[in-house]
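# Residue-level structure breakdown
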Amino acid sequence: MTPAAAQALSQPKIPAHPEIRYSACAVIYFAMHLACLSILWVGVTWRGAAILAASYFVRVFFMGIGQHRYFSHRSYKTSRPVQFLLAVFSMFGMQRGVLWWAQIHRHHHQHSDGPEDLHSPGVHGFFYSHCLWFLNEENRRTDYSRIPDLARYPELVWLDGGMTSTIPGILYGVLMIALFGWDGLIWGFFAATIVLWHVVHCVGTISHRYGGYRRFETKDSSRNHWFFALITLGEFHNNHHHAPTAARQGYVWWEFDLVYLVMKLMNWVGVIWDLKIQQRC
Ligand SMILES: [Zn+2]
Ligand SMILES: [Zn+2]
């Protein structure tokens, strides 16, 4: 065997990512990034940074408690009106409808880091897995067969529709402008949304390939990153892949899981119930 052939064999084999047929939403995705340049116009201020932080953390909280732990994993039960509100508030994060997100995410847990995983950095490479896969028209269809428990609610199916799925995001943008004017639009909507998107996608890419620590030897490459958990208010990704339906993702005192603490409070006041509790290790 030649040295070149031996070197090729020693390289990790990463198949080329699928050919991309960009959806029209790709224009919005790139335009949102460009719109952040308007920060140069309003200037960097403490007020702007505070609006960004508040807008980011409120939305990442609802994505964690709603889109991820409720709709994707059914970690607890709640009433139908609260379920609808959770869907709307989750969609303030502007990652399409909760049904689309949930069915993609369940598929991810089923095929984590395998060839069928749509956003595994080990399979498709970092860049495609971080920010291209969801712009691919092929991946924008909602497969209702993966979410029969959610597809039986017509209000959720309606909210998941092509145009209606944009309503919560638009309402959120209008709210930011009404509350904070230009700073609300530029810091609270454009910049905070971009930060939110990239943090969520870092959990899907960095927390599936680089650094961190693995508490559990799961069949995938998931890992916990304390920093990402801190800024996502409790997403410890290796713990989560070990027990996907568990309400709690922090297993020891220093794995701080704020979303779970709020869930416990909501459970105590009776807004949600039947939390799926995983034993501490
Ligand atoms: Zn994952
Ligand atoms: Zn999950």
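For the structure itself, look to the data block above.
Let me begin by describing the structure that accompanies this report. For every chain, the first residue of the written sequence is number 1, and numbering continues from 1 along that sequence. Chain letters and ligand numbers both follow the written order, the letters beginning at A and the numbers at 1. The predicted origin of the model limits local features to residues at a pLDDT of at least 70 and limits the giving and counting of side-chain atom pairs to 80 or more, whereas totals for whole chains, interfaces and linings rest on all residues. Where side-chain values are given, they derive from all heavy atoms of the structure, hydrogens and water being excluded.

## Digging into the coordination of the zinc ion (ligand 1)
Note the following rule: Here a donor is any nitrogen, oxygen or sulfur atom (N, O, S) within 2.8 Å of the metal, with 3.2 Å used for Na, K and Ca; water is not among the atoms considered, so some sites may look incomplete. The way it works is that DSSP assigns letters per residue, a run of H or I at least four long becomes a helix, a run of E at least two long becomes a strand, and they are numbered from the N terminus. Each residue is assigned to one of three classes by its accessible area relative to the maximum for its type, calculated with a 1.4 Å probe on protein chains only: buried under 20%, partly exposed between the two thresholds, exposed over 50%.
Coordination of the zinc ion (ligand 1) by the protein is provided by His-108 (NE2), His-208 (NE2), His-237 (NE2) and His-241 (NE2), with metal-donor distances spanning 2.0 to 2.1 Å. Along the chain, the residues donating to the zinc ion (ligand 1) fall in the pattern H-x99-H-x28-H-x3-H. Placement of His-208 in the loop between helix 11 (167-205) and helix 12 (226-231) and of His-241 in helix 13 (residues 237-242) is noted, with a sequence separation of 33 residues between them. Assessed through its relative accessible area of 2%, His-208 is described here as buried.

## Quick word on the pattern of salt bridges
The line we're drawing: Take a side-chain nitrogen of Lys or Arg and a carboxyl oxygen of Asp or Glu: if they are within 4 Å of each other, that pair is a salt bridge.
Under the definition given, this model contains 11 salt bridges. In this structure, Asp-143 engages Arg-146 in a salt bridge whose closest nitrogen and oxygen atoms are separated by 3.6 Å. For Arg-214, the salt bridge goes to Glu-217, with nearest N and O atoms at 3.5 Å. Look at the salt bridges and you will find they share partners, linking Arg-69, Glu-235 and Asp-257 into a network.

## Points about the side chain of Asp-183
Keep this limit in mind: Whether two residues are in contact is decided by their heavy atoms: any pair within 4.5 Å suffices.
Position of Asp-183 among the secondary structure elements: in helix 11. Not counting the four nearest positions on each side in its chain, Asp-183 is found in contact with Val-42, Arg-47, Ile-51 and Gly-188.

## Here we look at the coordination of the zinc ion (ligand 2)
With distances of 1.9 to 2.2 Å, the protein atoms coordinating the zinc ion (ligand 2) are His-68 (NE2), His-73 (NE2), His-105 (NE2), His-109 (NE2) and His-240 (NE2). Read in sequence order, the donor residues for the zinc ion (ligand 2) give the motif H-x4-H-x31-H-x3-H-x130-H. Here His-105 and its partner His-109 are both found in helix 6 (residues 98-110), four residues apart, which amounts to about one turn of the helix. When its relative accessible area of 8% is taken as the criterion, His-105 is described as buried. Residue class for His-109 comes out buried when judged on its relative accessible area of 14%.

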